Amino acid sequence: KPLYPLITDANGVVLSLPPIINGEHSKITLDTKNVFIEVTACDRAKCRIVIDTICSMFSEYCSTPFTCESVTVESSSGSVQTPPMKYQTMECSAAQLCTKGGITGLTPDSVADHLTKMFLPSKAVGEQVTVEIGPTRHDVLHQCDVEEDLAIAYGYNNITEQVPNLNTIGAEQECNKLSDAIREELARAGFTEVLTFSLCSRDDISTSLRNGKALEEAVQIANPKSNEFQVVRTSLLPGILKTASCNRKMPLPLKLFEVSDVVFKSEDTETGSKNQRKICALFSGKTSGFEVVHGLLDRIMLSLSEKNYSIRASEESMFFTGRGADILLGTEKIGHLGILHPEVLENFEISLPCSVLEMSLEPFV
């Protein structure tokens, strides 16, 4: 039989069936004097923040203000005293707090007074300020958070505007600059740009594209809320095909493209993943249109002034047998193009033949 979590009192009376928390026995009335606060969460850190905040707010109205009775929660991983209600202190330089916020003319004592107004009880000790961070201020993680609170207490409108003592020149990132140029070129070629979701289902990038190895390099969502958003896309093709499927009644041929990022696992980066800018184009009509996407490839390479490219027969299973090609830049494979396999089209509920082109823009940045 399935098991359900229950909270009972010493007499075995059910107090709560999470997440249904208001039972007849434990409901709150105007005569209630003792309140048991129970928080259920999947994330222990968030649970601690909520229980600290609620208990702190309720404690203001206790017979002895700002007190609460803790309980011991026993579990398979050990016992925990809750609520934790932990206080921590942070030593900050008064001058540095002011400098980072562009504030002038404040003494350490004034800095401490301003921070105290922000529910950060502070005390000046020489040129340093000792800041006490209470259980209701879980948002304060680093000194920059204290600097922000000081600026808010001082008043943003009271900060003197000044030109930074350095010279910087803003410019568009080369990858974005190239992407915009490619978008214009594809639009001139008669293609319509689409913008699709960065997340998709596991099937979209694997079984639907007849690519069983795609999930090995895909970044997966730990707790997906929907089957449609389980992994970060490794290809722009599923989004393009879904768009084509939803626009089957539009005049033919359909000529769609997208220039955006995909994400792959990477052990060489701090986050364990890396972004890659790709371009994907689709032609769908009464004929396959392979010559259209092939011509589009030539046009893209011409606009990039790139001559050292070629194509060779592809073994990608998403393509019709003998109708797919890999795109080579020198000897490096940067993409592929071809006529999609009928099984792929069926998976995306498309009845017309489609030819696609997908390649990475990273080598040209």
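Everything discussed here concerns the structure shown above.
A few points on the structure. (Residues numbered from 1 in each chain as written. Predicted model: local features only at pLDDT ≥ 70, side-chain atom pairs only at ≥ 80, totals over all residues. Heavy atoms only, no water.)

**Thoughts on the nonpolar core**
Logical step 1: Ranked by size, the top nonpolar core spans 25 residues in total, and within it Ile182, Leu357, Met359 and Phe364 carry the most contacts.
Logical step 2: Within the residue set of this core, elements represented by two or more residues are α5 (174-188), β11 (254-265), β12 (273-284), α8 (290-303), β14 (319-329), β15 (332-340) and β16 (354-360).
Logical step 3: If you tally residues by element for this core, the top one is α8, at 5 residues.
Logical step 4: Formed by 22 residues, the second largest nonpolar core is a distinct cluster that contains Ala244, Phe264, Leu282 and Cys354. (Core = buried A, V, L, I, M, F, W, Y, C linked by side-chain atoms within 4.5 Å. Buried < 20%, exposed > 50% of the residue type's maximum accessible area, 1.4 Å probe, protein only. Helix = DSSP H or I, 4+ residues; strand = E, 2+ residues; numbered from the N terminus.)

**Section: the pairing of β12**
Logical step 1: Most of β12 sits out of view: 10 of its 12 residues are buried.
Logical step 2: The pairing of β11 with β12 spans 12 bridges and is classified as antiparallel. Counterpart to Lys255 in the pairing with β12 is Phe283.
Logical step 3: In this sheet, β16 lies alongside β12 in antiparallel orientation, the contact comprising 7 bridges. The partner of Phe283 across the bridge, within β16, is Ser355. (Pairing = 2+ DSSP bridges.)

**Overview of the packing of aromatic side chains**
Where two aromatic rings form a pair, the distance of their centres and the angle of their planes describe that pair.
Logical step 1: Under the counting rule described, the total for this entry stands at 1 aromatic pair.
Logical step 2: Taken together, a centroid distance of 5.3 Å and an interplanar angle of 80° make the contact between Phe197 and Phe229 edge-to-face. On the criterion of sequence distance, the pair formed by Phe197 in the loop between β8 (192-193) and β9 (199-200) and Phe229 in the loop between α6 (202-205) and β10 (231-232) is long-range, its members being 32 residues apart.
Logical step 3: Look at Phe229 and you get partly exposed, because its relative accessible area is 30%. (Phe/Tyr/Trp six-rings, centres within 6.5 Å; stacked < 30°, edge-to-face > 60°.)

**Structural notes on the packing of α5 against α8**
Logical step 1: It is at 11 Å that the axes of α5 and α8 come closest, and there the two elements cross at 140°. Comparing their axes, α8 and α5 come out oblique. As α5 runs across α8, the sense of the crossing is right-handed. Contacts from Ile182, Glu185, Leu186 and Arg188 of α5 reach α8 at Leu296, Arg299, Ile300 and Ser303.
Logical step 2: Grouping the amino acids of the contact of α5 with α8 by side-chain chemistry returns 4 nonpolar, 1 polar and 3 charged. (Axes fitted to C-alpha atoms, helices over the stretch in contact; angles between N-to-C directions. Parallel < 35°, antiparallel > 145°, perpendicular 65-115°, else oblique. Left-handed = near helix turned anticlockwise from the far one by under 90°. Contact = heavy atoms within 4.5 Å. Nonpolar A, V, L, I, M, F, W, Y, C, P; charged D, E, K, R; others polar.)

**Regarding the pairing of strand β3 (residues 71-75)**
Logical step 1: Alignment of β3 against strand β4 (residues 78-82), held across 5 bridges, turns out to be antiparallel. Bridging across to β4, Val71 finds its partner in Thr82.
Logical step 2: Between β3 and β4, which follow one another and run antiparallel, lie 2 residues.

**Some remarks on a nonpolar patch on the surface**
Logical step 1: On the surface, a nonpolar cluster with roughly 520 Å² of combined accessible area is contributed by Ile28, Val35, Val50, Ile54, Met57 and Phe58.
Logical step 2: Tracing the sequence through the fold places Val50 in helix α1 (residues 44-59). (Patch = residues over 30% accessible without salt bridge, like charges linked within 9 Å, V, L, I, M, F, W, Y side chains within 5 Å. Areas by Shrake-Rupley, 256 points an atom, 1.4 Å probe, with all protein chains shown as cover. Salt bridge = Lys/Arg side-chain N within 4 Å of Asp/Glu carboxyl O.)

**Some details on the sheet that holds strand β6 (residues 122-125)**
Logical step 1: On the basis of which strands lie adjacent, the open sheet formed by 3 strands has the order β5-β7-β6 and antiparallel pairing. What marks the edges here is a single partner per strand, and that holds for β5 (88-93) and β6. Neighbour to neighbour, the strand axes of the sheet diverge by 25° on average, direction disregarded.
Logical step 2: Pairing of β6 with strand β7 (residues 128-133) involves 4 bridges; the strand directions are antiparallel. The residue bridging Lys123 from the neighbouring strand is Thr130, located in β7.
Logical step 3: Relative to β6, helix α3 (residues 108-117) is tilted by about 170°, and along the sheet it contacts β6 and β7.

**Considerations on the sheet that holds β8**
Logical step 1: Here we have 7 strands laid out as an open sheet, ordered β8-β11-β12-β16-β15-β14-β13, and mixed in their pairing. Whereas interior strands pair on both sides, the edge strands pair on one side only; in this sheet they are β8 and β13 (309-313).
Logical step 2: Here β13 pairs with β14 via 5 bridges, running antiparallel. Counterpart to Ala313 in the pairing with β14 is Ala325.
Logical step 3: This element, α5, spans β8, β11 and β12 of the sheet and lies at about 160° to β11.
Logical step 4: Against the sheet, α8 touches β12, β13, β14, β15 and β16, its axis set at about 25° to β16.

**Side note on unusual backbone geometry**
Logical step 1: Of note, the bond from Thr82 into Pro83 is cis; its omega dihedral lies within 30 degrees of zero at 0°.
Logical step 2: Its location among the elements puts Pro83 in the loop between β4 and β5.
Logical step 3: With an omega dihedral of 0°, the bond running from Leu252 to Pro253 counts as a cis peptide bond.
Logical step 4: Along the chain, Pro253 falls in the loop between α7 (237-246) and β11.
Logical step 5: At Phe119, a residue that is not glycine, the phi angle is positive and equals roughly 60°.
Logical step 6: On the secondary structure map, Phe119 appears in the loop between α3 and β6.
Logical step 7: You can call Phe119 exposed: its relative accessible area is 67%.
Logical step 8: Positive phi outside glycine occurs at Arg210, with the angle close to 60°.
Logical step 9: Topologically, Arg210 is positioned in the loop between α6 and β10.

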